[in-house]
Amino acid sequence: MRQHTARREPPGKGTERMRWTDYRGRAVSAPRPTASDQTEPEADWDGSIQQLKLSGSSVSSDPEDYQPPIWKSYLYQLQQEAPRPKRITCPQEMESRPRYYGREFHGMLSREYADELLGGAEGAYLVRESQRQPGTNTLALRFGHQTLNYRLFYDGKHFVGEKRFETVHDLVTDGLITLYIETKAAEYIAKMTTNPIYEHLGYTSLLKDKMGHRLSRRCTEPRRVTFQREDSKITTSPLVRHSTLKDCPSEKQSSYDKVHNFKVHTFRGPHWCEYCANFMWGLIAQGVRCSDCGLNVHKQCSKLVPSDCQPDLHRIKKVFSCDLTTLVKAHNTTRPMVVDMCIKEIELRGLQSEGLYRVSGFSEHIEDVRLSFDRDGEKADISANVYNDINIIAGALKLYLRDLPIPVITFHVYSRFIQAAKIPNPDTRLEAIHEGLLQLPPAHYETLRYLMMHLKKVTMFEKYNFMNSENLGIVFGPTLMQPPEQNALATLNDMRHQKLIIQLLIEHEDVFSQDSRWFDMKDSRTRGGLMKDSRTRGGLI
């Protein structure tokens, strides 16, 4: 008999109650059960399931005591009920048996004889060589009062679909679970994303009122955000991290949207989806996990999760070669620390350095700077006491920008900028560049704007450093702009357009206005200036 538990609500006036929910997540109050009450709930497989669902632990007013919200146990119970695999062994040794199969391999059999060997037992399976396609192997599996035949493959692991398994037995176990759940709960699965807990229970509603005063106090803490408890090695759930950061407005906190970086994941032990609160069934690859923030959801639920990833510093292993938006959200900054710190150091002692950004520093020292940022983050020491040659710092900045997995001027707007550079009319060209800038992700836009402001300062010292906007365009064009497809000929042809784009961005800083009416206002100001100049000339005449 399956045992069910429920969390105990805080005691009221002399009474204790337990909180349950039905499969739709609706709260159901029930008196504390006695031993005779602990019977198995009934289930009607026509979709009108009356099963009570298990409530999670209570939500404390302290974020560090946060416990998961209501988890729905229906799919977990179905997995427990799924047929167990029963291997049908071959009574004799098969000389033709591949080394990666065991006694479940029966050699070449017909479908009819394989069905006879399985004997109608649910979960029974064997492996046979196909009569229709000799040299290929088939998994014969008994499920739903019929024999199912699957083409079986091996490439170091066994598979019939996307999932790969160490043993045929594991493959069959996972297959039986999936078949059973999808057969029994097809309607439930189709509707399980319609009432998610993600934006409600344990995420905003329950924590907002109880944690308001604590969160407002935490907002004043340093911008480096960590989520590990001081007295424990356990990291809190992504749900409470999301809630804490959503309800905690801070001047230093980045408001950039970031999509989750979901990857297929195998969970050890029972896990529940943090979007729909349902069990993630199967033996391996039960769902996906965001590699940046640790959010665990079903694969189908991942398509519905908002772009609100808040990366966890514990999961960000390095600074260089890390996605730009991921880095700024993890460190809760507007721009990458590398850009801010390097530019600050260069403007402090390097603006008059001859050939700034054109002259290379020692590659070993540049590599040392990279390792220092990866190891120490914003505590990295790049002062003159450590790196006297400013070209080392300039080289590290260029290396950081060049190694971004998504360039500052992103792949999806690259062609838009190249086409803008080809426009002969200067005003129309600037308007097209402005429209392209508005398509950049916020973190990329702010980084590019700040960098161009810096390069503008560099050109103001041209008589010392001999670096004008054209020279800087040559240096930074291929660094900030990279074509989506690495075609050597196309890249070579685009270099002059890349140079021109960066040159124009340096020379026309007002193109970074985020007002969509920028060009109209610019044109109006230009016309106003011309009219004033005309009136002045008229007065002189």
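All values reported here derive from a predicted model rather than from experimental measurement.

Peer 1: Sorry, what's going on with the overall build of the protein here?
Peer 2: Secondary structure assignment for the protein yields 18 helices and 13 strands. Each of the 541 residues in the protein was classed as buried or not, and the buried ones make up 47%. Taking as baseline every contact in the protein between residues at least 6 positions apart, the subset at least 24 positions apart corresponds to 63%. Taken as a whole, the protein presents about 28,200 Å² of accessible surface, with 50% of it coming from carbon and sulfur.

Peer 1: I'm lost on the side chain of E345 in this one. Help?
Peer 2: Assignment of secondary structure puts E345 in helix α9 (residues 337-349). Polar contacts involving the side chain of E345 include one to the side chain of R349, which spans 2.7 Å. The contact partners of E345, leaving out residues within four places of it in the chain, are G350, I382, S383, A384, I390 and I393.

Peer 1: Before we go on, may I ask you to explain the nonpolar core in this structure?
Peer 2: The nonpolar side chains of soluble globular proteins are, as a tendency, buried together. Counting residues in each nonpolar core, the largest one holds 68 residues, and the members touching the most others are Y357 and F373. It is helix α11 (residues 390-402) that provides the largest number of residues to this core, a total of nine residues. Aside from chain neighbours lying at most four places away, what touches Y357 is I346, A394, L397, K398, H454, L455, V458, L472, V475 and F476. L141, I181, I284 and C301 belong to the second largest nonpolar core, which has 47 residues in total.

Peer 1: In this structure, what is going on with the packing of aromatic side chains? I would like to understand it.
Peer 2: The description of an aromatic ring pair uses the distance of the two centres, along with the angle that the planes make with each other. Tallying each qualifying case throughout the model produces 13 aromatic pairs. Both rings, one in Y76 and one in W272, keep their centres 5.8 Å apart while their planes meet at 40°; by these two values the pair is tilted. Of this pair, Y76 sits in helix α1 (residues 74-81) while W272 is found in the loop between β11 (262-265) and β12 (287-290), placing the two residues 196 residues apart along the sequence. With relative accessibility at 27%, the residue Y76 sits in the partly exposed group. Taken together, a centroid distance of 5.9 Å and an interplanar angle of 5° make the contact between Y101 and F105 stacked. We classify Y101 as buried; its relative accessible area is 5%. Pairwise contacts between aromatic rings join Y100, Y101, F105 and Y154 into one cluster. Geometry around F159 places R164 over its ring, the cationic atom sitting 3.8 Å from the centre. For the cation-ring pair, R335 lies above Y450, with the distance from its terminal atom to the ring centre recorded as 3.8 Å.

Peer 1: Honestly, the packing of helix α16 (residues 469-480) against helix α17 (residues 488-507) in this entry has me stumped. Any pointers?
Peer 2: Geometrically, a packed helix pair is captured by the angle between its two axes and the distance between the axes. Their axes nearest at 7 Å, the elements α16 and α17 cross at an angle of 120°. Considering their axes alone, α16 and α17 lie oblique with respect to each other. Here the hand of the crossing between α16 and α17 comes out right-handed. Note on element contacts: α17 touches α16 through M495, Q498, K499, I502, Q503, I506 and E507, opposite S469, E470, L472, G473, I474, F476, G477, P478 and L480. Within the contact of α16 with α17, the residues separate by chemical class into eight nonpolar, five polar and three charged.

Peer 1: Help me understand the sheet that holds β11, please; the structure alone is not making it clear to me.
Peer 2: Through backbone hydrogen bonds, the strands of a sheet pair up, either in parallel or in antiparallel fashion. The strand order across the open sheet built from three strands is β11-β12-β13, with neighbouring strands paired in antiparallel fashion. Single-partner strands in this sheet number two, and they are β11 and β13 (296-297). Pairing between β11 and β12: four bridges, direction antiparallel. Note on β12: the bridge partner recorded for K263 is R289.

Peer 1: Would you take a moment to explain the packing of helix α14 (residues 442-459) against α16 for this structure?
Peer 2: Running from N to C, α14 and α16 point in directions that differ by 155°, and their axes come no closer than 10 Å. Between α14 and α16, the crossing angle belongs to the class labelled roughly antiparallel. Like other packed secondary-structure pairs, α14 and α16 cross with a definite hand, here right-handed. Contacts between α14 and α16 involve L448, L451, M452, L455, V458 and T459 from the first element and S469, L472, F476 and L480 from the second. Looking at the contact of α14 with α16 residue by residue, the class counts come to eight nonpolar, two polar and no charged.

Peer 1: Would you take a moment to explain the pattern of salt bridges for this structure?
Peer 2: One side chain can pair with another of opposite charge once the charged atoms of both are near each other. Counted under the stated rule, the structure contains 17 salt bridges. With its nearest N and O atoms 2.7 Å apart, the salt bridge here joins R335 to D340. Judged by its relative accessible area of 23%, D340 falls in the partly exposed class. Salt bridges sharing partners connect three or more residues here, namely R335, D340, E446 and R449.

Peer 1: Just to check I follow, could you spell out the environment of M337 for this structure?
Peer 2: Considering the arrangement of structural elements, one finds M337 in helix α9. Along the chain, M337 and V319 lie 18 residues apart, while their C-alpha atoms are 8.9 Å from each other. For M337, the residues in contact, after removing those within four places along its chain, are H331, F373, G377 and E378.

Peer 1: Would you mind showing me how to read unusual backbone geometry here?
Peer 2: Across the chain, the bulk of peptide bonds are trans and the bulk of non-glycine residues have phi less than zero. Of note in this structure, A277 is not a glycine but carries a positive phi near 75°. Of note, the phi angle at F466 is positive, near 60°, even though the residue is not glycine.

Peer 1: What's the story with the confidence of the model for the protein in this structure? I'm lost.
Peer 2: A low pLDDT score tells you not to read the predicted coordinates there in detail. Predicted confidence across the protein gives a mean pLDDT of 75, with 71% of residues reaching 70 or more. Below pLDDT 50 for its whole length, residues 1-68 participates in 125 contacts with residues either more than four positions away or in separate chains. The low-confidence segment residues 525-541, where pLDDT is below 50, has one contact with residues more than four positions distant or belonging to other chains.

Peer 1: What's the story with the pairing of strand β6 (residues 105-108) in this structure? I'm lost.
Peer 2: Walk down a regular strand and you will see the side chains alternate between the two sheet faces. Examined bridge by bridge, β6 and strand β7 (residues 124-129) share two bridges and lie parallel to one another. Bridged to M108 within β7 is E129. Running through helix α2 (residues 111-118), the crossover from β6 to the neighbouring parallel element β7 is right-handed.

Peer 1: Just checking my understanding: could you explain the environment of Y275 for this structure?
Peer 2: Within the secondary structure layout, Y275 lies in the loop between β11 and β12. As a C-alpha pair, Y275 and T193 span 82 residues in sequence and 7.8 Å in three-dimensional space.

Peer 1: Where do I start with α17 in this structure?
Peer 2: Along an α-helix, residues three or four apart share an orientation, since each turn contains 3.6 residues. The first and last C-alpha atoms of α17 sit 29 Å apart over 20 residues, in line with the 28 Å expected at 1.5 Å per residue. Of all the positions in α17, only D494, H497, Q498, K499, L500, I501, I502, Q503, L504, L505 and I506 are classed as buried. In this structure, the buried residues of α17 make contact with α12 (411-421), α13 (426-437), α14 and α16.

Peer 1: Quick question: what am I supposed to make of the environment of E509 here?
Peer 2: Along the polypeptide, E509 turns up in the loop between α17 and α18 (518-540). Residues E509 and M453 lie 56 residues apart in sequence; the distance between their C-alpha atoms is 7.1 Å.

Here is what the cut-offs are and how they apply
- Residues numbered from 1 in each chain as written.
- Predicted model: local features only at pLDDT ≥ 70, side-chain atom pairs only at ≥ 80, totals over all residues.
- Heavy atoms only, no water.
- Helix = DSSP H or I, 4+ residues; strand = E, 2+ residues; numbered from the N terminus.
- Buried < 20%, exposed > 50% of the residue type's maximum accessible area, 1.4 Å probe, protein only.
- Contact = heavy atoms within 4.5 Å.
- Areas by Shrake-Rupley, 256 points an atom, 1.4 Å probe, with all protein chains shown as cover.
- Polar contact = N/O pair within 3.5 Å; in protein donor to acceptor, adjacent residues only side chain to side chain.
- Core = buried A, V, L, I, M, F, W, Y, C linked by side-chain atoms within 4.5 Å.
- Phe/Tyr/Trp six-rings, centres within 6.5 Å; stacked < 30°, edge-to-face > 60°.
- Lys NZ or Arg CZ within 6 Å of the ring centre and 35° of its normal.
- Axes fitted to C-alpha atoms, helices over the stretch in contact; angles between N-to-C directions.
- Parallel < 35°, antiparallel > 145°, perpendicular 65-115°, else oblique.
- Left-handed = near helix turned anticlockwise from the far one by under 90°.
- Nonpolar A, V, L, I, M, F, W, Y, C, P; charged D, E, K, R; others polar.
- Pairing = 2+ DSSP bridges.
- Salt bridge = Lys/Arg side-chain N within 4 Å of Asp/Glu carboxyl O.
- pLDDT = per-residue confidence, 0-100.
- Right-handed = clockwise from strand over helix to strand, strands pointing away.
- Expected span 1.5 Å × (residues − 1).

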